[in-house]
Amino acid sequence: MDTEPQHLERGPSSTPATGNEEGSRSVRMPGFSGLLRGLSWRRAAALGVLGTASLLLFSAFVVQPFLIPSGSMEPGLQVGDRVLVNKLAYRFGTEPQRGDVVVFDGTGSFVQEPVRENPLTRVAHGAAAALGLAEPAETDFVKRVIGVGGDRVVCCDEGGKVEVNGRAVDERYLYFGDAPSSAPFDIVVPDGTLWVMGDHRSNSRDSRDHLGRPGGGTVPVDKVIGRVDWIGWPLGRWASLERSDAFRDVTGPGGAHG
């Protein structure tokens, strides 16, 4: 008669584990590479599409990256900077203020004729621009608000400065060596519009260049896409943009202090 316990004949795989044996075994968790291999290409593609769609929605309604294409806003904003445009800044009854740096659609003011291009190319370029991966549309501009509706903006006063509602503006943000304007102007900004100028005045096509065109160089408030609040890239230039205090003494029909 076989008197040896039956469970020993089943080999080590069927031997009941003791507490020590359980403690000596290591439980292997799947590593990151294993997780990636476990994802099918379809799942990876779906996640990529979902992520891109989420970024586009965030860009469309909250914060949009914007690639600075020219030197018109130097020295504050340089060519190649990627700024973050706050699209909620003017969504709840607040309007642009003097000194704000804004991005706007210049169709009908700075650009009289819409740019014609292939629809597929336009969609692809628009998506890339919305993510800050391509230059913005040719109708999008970034400038500083100098006058709001009702303001009288004059250049230049006896001291060679821009004057808003009779107050000289000390524009310390201007590009070094630039005059406030090489061309004189005197305009009352229509209600619901903005008078905008670049900080690099000698290298900026702005409201001054469109005085004789429909709209007189001003930009409708409802064409403003958002306010530039941050420089997001390159990392060495990461900074927030504060509203300039150059307009702190300006009062008048365009509102309270700028």
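Structure first, text after, so check above.
Owing to the predicted nature of the structure, the values given are computational and were not obtained by experimental measurement. (Residues numbered from 1 in each chain as written. Predicted model: local features only at pLDDT ≥ 70, side-chain atom pairs only at ≥ 80, totals over all residues. Heavy atoms only, no water.)

**Student:** What exactly am I supposed to notice about the environment of aspartate 105 here?
**Tutor:** Here aspartate 105 lies in strand β3 (residues 101-105). With 116 residues separating them along the chain, aspartate 105 and valine 221 place their C-alpha atoms 10.0 Å apart. Excluding residues that lie within four positions of it along the chain, aspartate 105 makes contacts with Thr139, Asp140, Lys223 and Ile225. Separated by 2.8 Å, the side chains of aspartate 105 and threonine 107 make a polar contact. (Helix = DSSP H or I, 4+ residues; strand = E, 2+ residues; numbered from the N terminus. Contact = heavy atoms within 4.5 Å. Polar contact = N/O pair within 3.5 Å; in protein donor to acceptor, adjacent residues only side chain to side chain.)

**Student:** Just checking my understanding: could you explain the sheet that holds strand β5 (residues 152-155) for this structure?
**Tutor:** Each strand in a sheet pairs with its neighbour through backbone hydrogen bonds, running either in the same direction (parallel) or in the opposite one (antiparallel). Read from one edge to the other, the open sheet built from four strands follows the order β7-β6-β5-β8, with strand pairing classed as antiparallel. Across the chains shown, the open sheet's two edge strands, defined by having one partner strand only, are β7 (167-168) and β8 (185-188). (Pairing = 2+ DSSP bridges.)

**Student:** Can you help me understand the pattern of salt bridges in this one?
**Tutor:** Note that side chains of opposite charge can pair when their charged atoms are close. Scanning the entire structure with this criterion turns up 12 salt bridges. One salt bridge in this structure joins arginine 243 and aspartate 100, with 2.6 Å as the shortest N-O distance. On the criterion of sequence distance, the pair formed by arginine 243 in the segment after β12 (239-240) and aspartate 100 in the loop between β2 (82-86) and β3 is long-range, its members being 143 residues apart. When the shortest N-O distance is used, the salt bridge between aspartate 245 and arginine 172 registers 2.8 Å. Here aspartate 245, found in the segment after β12, pairs with arginine 172, found in the loop between β7 and β8; they are 73 residues apart in sequence, far enough to count as distant. Judged by relative accessible area, which is 40%, aspartate 245 ranks as partly exposed. Judged by relative accessible area, which is 57%, arginine 172 ranks as exposed. A single salt-bridge network, built from bridges that share partners, covers Asp170, Arg172, Asp245 and Arg248. (Salt bridge = Lys/Arg side-chain N within 4 Å of Asp/Glu carboxyl O. Buried < 20%, exposed > 50% of the residue type's maximum accessible area, 1.4 Å probe, protein only.)

**Student:** Mind showing me how you'd approach the packing of aromatic side chains here?
**Tutor:** What characterises a pair of aromatic rings is the spacing of the ring centres plus the angle enclosed by the ring planes. Counted according to the given criterion, the structure contains four aromatic pairs. Arranged with centres 5.0 Å apart and planes meeting at 35°, the rings of phenylalanine 185 and tryptophan 195 form a pair that is tilted. Of this pair, phenylalanine 185 sits in strand β8 while tryptophan 195 sits in strand β9 (residues 193-197); the two residues are 10 residues apart in sequence, bridging distant segments of the chain. Residue phenylalanine 185 shares its accessibility class with tryptophan 195, and that shared class is buried. Put simply, the rings of Phe104, Phe110 and Phe141 touch in pairs and so form one group of aromatic residues. (Phe/Tyr/Trp six-rings, centres within 6.5 Å; stacked < 30°, edge-to-face > 60°.)

**Student:** I'm lost on the nonpolar core in this one. Help?
**Tutor:** Across soluble globular proteins, nonpolar side chains show a tendency to be buried alongside one another. By size, the foremost hydrophobic cluster in this structure holds 16 residues, and its most contacted members are Ile146, Val153, Val164, Phe185, Trp195 and Phe247. Every element with two or more residues in this core is listed here: β5, β8 and β9. Every residue in contact with phenylalanine 185, bar those within four places of it in the chain, is listed here: Val153, Val154, Cys155, Trp195, Met197, Arg208 and Leu211. Core analysis: the next-biggest nonpolar cluster, separate from the first, contains 12 residues, Ala89, Phe110, Leu194 and Val224 among them. (Core = buried A, V, L, I, M, F, W, Y, C linked by side-chain atoms within 4.5 Å.)

**Student:** Looking at this structure, I do not really get the state of the cysteines. What am I missing?
**Tutor:** A covalent bond between the sulfur atoms of two cysteines is what we call a disulfide. Summed over the entire model, instances satisfying the criterion amount to one disulfide. Note on cysteine connectivity: cysteine 155 is disulfide-linked to cysteine 156, with sulfurs 2.0 Å apart. On the basis of relative accessible area, cysteine 155 is assigned to the buried category, the value being 4%. (Disulfide = S-S within 2.5 Å.)

Nothing here speaks to function; it is all geometry.
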